[in-house]
There are 2 protein chains.
Amino acid sequence: MIGIFDSGVGGMTVARAIEQLFPALPYIYFGDLAHSPYGSKSREMLIEYSRRNTEFLLTQGAKIIVIACNSASSTASGTLRERYPLPIIDVISPAVRKAAQLSQNGRIGLIGTRATVHSGVYARQLKEIRPECDLYTQACPLLVPLVEEGWLNRRETKMIVRKYLRPLRDQQIDTLILGCTHYPLLSKTIVPRIGKRVHIIDSSVEVALHLKTVLEKDNRLYTSLLAPEVKSKYFVSDLSSPVQSLAMSIFGRSVHLEKINV
Amino acid sequence: MIGIFDSGVGGMTVARAIEQLFPALPYIYFGDLAHSPYGSKSREMLIEYSRRNTEFLLTQGAKIIVIACNSASSTASGTLRERYPLPIIDVISPAVRKAAQLSQNGRIGLIGTRATVHSGVYARQLKEIRPECDLYTQACPLLVPLVEEGWLNRRETKMIVRKYLRPLRDQQIDTLILGCTHYPLLSKTIVPRIGKRVHIIDSSVEVALHLKTVLEKDNRLYTSLLAPEVKSKYFVSDLSSPVQSLAMSIFGRSVHLEKINV
């Protein structure tokens, strides 16, 4: 099984991208809704939660871990890799690589939660790949609650998105990384406000493509994951009403979320 | 010591109201930021968190507990009262009593988080006091994130507040309960949008007045709490940057927040 975790439902955009690319690879999804949202929590708390989430996925038989959350990826992926001897994929490196590849003017924008933006991970990774590039960042802490309310096309959401994007637009970025797994759900609102010529990097797609590269190199891992008859499973550490409908709108089908105690 | 807990910083509006009324009674404040916000969590999760918070305050010497959070009050106050043999004050009853007293047309509005509104506690309590009154409710899940971002006077906040209040306005309520301890920070935005003739019930003020009644009846409890030389203490289960400045804006002074592990 592939193990995927996130603070809540945002990471389901990653799960969906993975299942579209690998319909025969079942996965276990864990959404840590009891501690959601991660974006405004401290670094040490996120490391602790990520450790617990990984332990849970391991007990469920995960052979590879996907951290489908930017806040957790940016603060905890190093610790998880030191501690657990299995492949751990985060949502950051694939998006940074793609942005570095696509940008022509070397001016790249990043939007994300406060935890993600303050971690500085994107800037450090970008400097390693393309040192001459500049990264312009903007924390957008209200976008996760807006998405979780389902306010995807409301006027207020558009105004808030415009406000957040203005400084990046002023910097004439030509590439924008959606540094939060909730944000692809807002892409129709984001694209016209940042400008249609700006490349939009959706990390969920990049993660799925990166997983493809990993599995192509490691055939034993790939075959160990293959189980076309096994169904993917969805666990959450808390369950309240809007979550179910948000999951449905992400997957385009009804999804059974099983609540477990953490 | 008086023990006060909340999911985060909203309950500080209650703490402030209590210290204004009782400058000689020190308190211990606990903000459960590791699990914040409470408003979208399930009932059973909120009972579990409230139990843990109460245990912590007891170890710190609390002799009376104030649940300074509507989501926790509406879901967990019954369980806490059954389990712990000390006075437990919630934020709901004092506000309901005041609203029942003030309303002339019997049409009362309530705004709060989803957990608070869905619990139905306000309606049940109101029916007991004034059965002929009607309660009109509106869940406002985006207001807590907006307050926590410090967006108190932004145009987007005003638009969202207007949208939330419109159905209550249409119902011609004459009294509005601010059913979340964050909302008094938005009162300047709320008052002109609901109409200046509508009575606004700020539960933080009502809780402090209710505490006064409790202490007037129980002189032994009052003298056991008296300790003018002892300073109030503030604990949080997580500490990230915006919290400190929000605490400062609530109290009008700098407040030392001590992080503890839960």
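Only a predicted model underlies this, so the values are computations on that prediction, with no experimental measurement involved.

(A) Broad picture of the relation of the copies chain B and chain A. If you rotate chain B by 180 degrees and push it 0.1 Å along the axis, it lands on chain A with an RMSD of 0.0 Å. The operation mapping one copy onto its partner corresponds to a two-fold rotation axis. Considering only C-alpha atoms, the part of chain B nearest the rotation axis is H35 of chain B, at 2.5 Å. A shared binding surface is used by both copies, with 100% of the interface residues of chain B retained as interface residues in chain A.

(B) Looking closely at the sheet that holds strand β9 (residues 233–236) of chain A. Residues and elements named next belong to chain A. Spatial ordering of the open sheet is given by β4-β3-β1-β2-β9-β10, a layout of 6 strands whose pairing is parallel. Pairing within the sheet leaves two strands with one partner each, and these edge strands are β4 (88–90) and β10 (257–259). Mean inter-strand twist for the sheet, computed between neighbouring axes without regard to direction, equals 25 degrees. Contacts from helix α1 (residues 12–21) reach β1 (2–6), β2 (27–31) and β3 (64–67) within the one sheet, and its direction differs from that of β2 by about 170 degrees. Across the sheet, helix α2 (residues 43–59) lies against β1, β2 and β3, angled at about 150 degrees from β2, the strand it touches most.

(C) Focus on helix α3 (residues 70–83) of chain B. All names here are of chain B. The terminal C-alpha atoms of α3 lie 19 Å apart, and with 14 residues this matches the ideal 20 Å at 1.5 Å per residue to within 8%. The largest bend along α3 measures about 60 degrees and falls at A76. Listed as buried for α3 are N70, S71, A72, S73, S74, T75, A76, S77 and L80.

(D) Representation of the packing of helix α4 (residues 92–102) of chain B against helix α6 (residues 121–129) of chain B within the structure. Residues and elements named next belong to chain B. Contact geometry for α4 and α6: axes closest at 10 Å, N-to-C directions at 50 degrees. With respect to each other, α4 and α6 are oriented oblique. Every pair of crossing elements has a handedness; the one defined by α4 and α6 is right-handed. Note on element contacts: α6 touches α4 through V121, Y122, Q125, L126 and I129, opposite I92, S93, V96, R97 and A100. Its residues assigned to classes, the contact of α4 with α6 shows 7 nonpolar, 2 polar and 1 charged.

(E) View of the environment of G78 of chain A. Of note, G78 of chain A is situated in helix α3 (residues 70–83). When the C-alpha atoms of G78 of chain A and I47 of chain A are compared, they prove to be 9.5 Å apart, with 31 residues separating the residues in sequence.

(F) Geometry of the packing of helix α8 (residues 155–170) of chain A against helix α9 (residues 187–194) of chain A. All names here are of chain A. Viewed as axis vectors pointing N to C, α8 and α9 meet at an angle of 45 degrees, and their least axial separation amounts to 9 Å. On the basis of the axis angle, α8 is oblique to α9. Here α8 and α9 pass one another in a crossing that is right-handed. Where α8 approaches α9, its residues T157, K158, V161, R162, L165, L168 and R169 are matched on the opposing element by T189, I190, R193 and I194. Across the contact of α8 with α9, the residue classes tally to 5 nonpolar, 2 polar and 4 charged.

(G) A look at the interface of chain B and chain A. With 17 residues of chain B at the contact, the number on the chain A side is 17 residues. When residues of the side of chain B that touches chain A are traced back to their parent elements, those giving at least two are α7 (143–148) and α8 (155–170) of chain B. Examining the composition of the side of chain B that touches chain A, we find that 3 residues originate from one element, α8 of chain B, more than from any other. Residues of the side of chain B that touches chain A, tallied by class, amount to 9 nonpolar, 4 polar and 4 charged.

Calculation rules
- Residues numbered from 1 in each chain as written.
- Chains lettered and ligands numbered in written order.
- Predicted model: local features only at pLDDT ≥ 70, side-chain atom pairs only at ≥ 80, totals over all residues.
- Least-squares fit on C-alpha atoms with pLDDT ≥ 70 in both.
- Contact = placed C-beta atoms within 7 Å.
- Pairing = 2+ DSSP bridges.
- Helix = DSSP H or I, 4+ residues; strand = E, 2+ residues; numbered from the N terminus.
- Axes fitted to C-alpha atoms, helices over the stretch in contact; angles between N-to-C directions.
- Expected span 1.5 Å × (residues − 1).
- Bend = angle between axes of the 7 residues up to and from the residue.
- Buried ≥ 20, exposed ≤ 12 C-beta atoms within 10 Å, placed from the backbone.
- Parallel < 35°, antiparallel > 145°, perpendicular 65-115°, else oblique.
- Left-handed = near helix turned anticlockwise from the far one by under 90°.
- Nonpolar A, V, L, I, M, F, W, Y, C, P; charged D, E, K, R; others polar.

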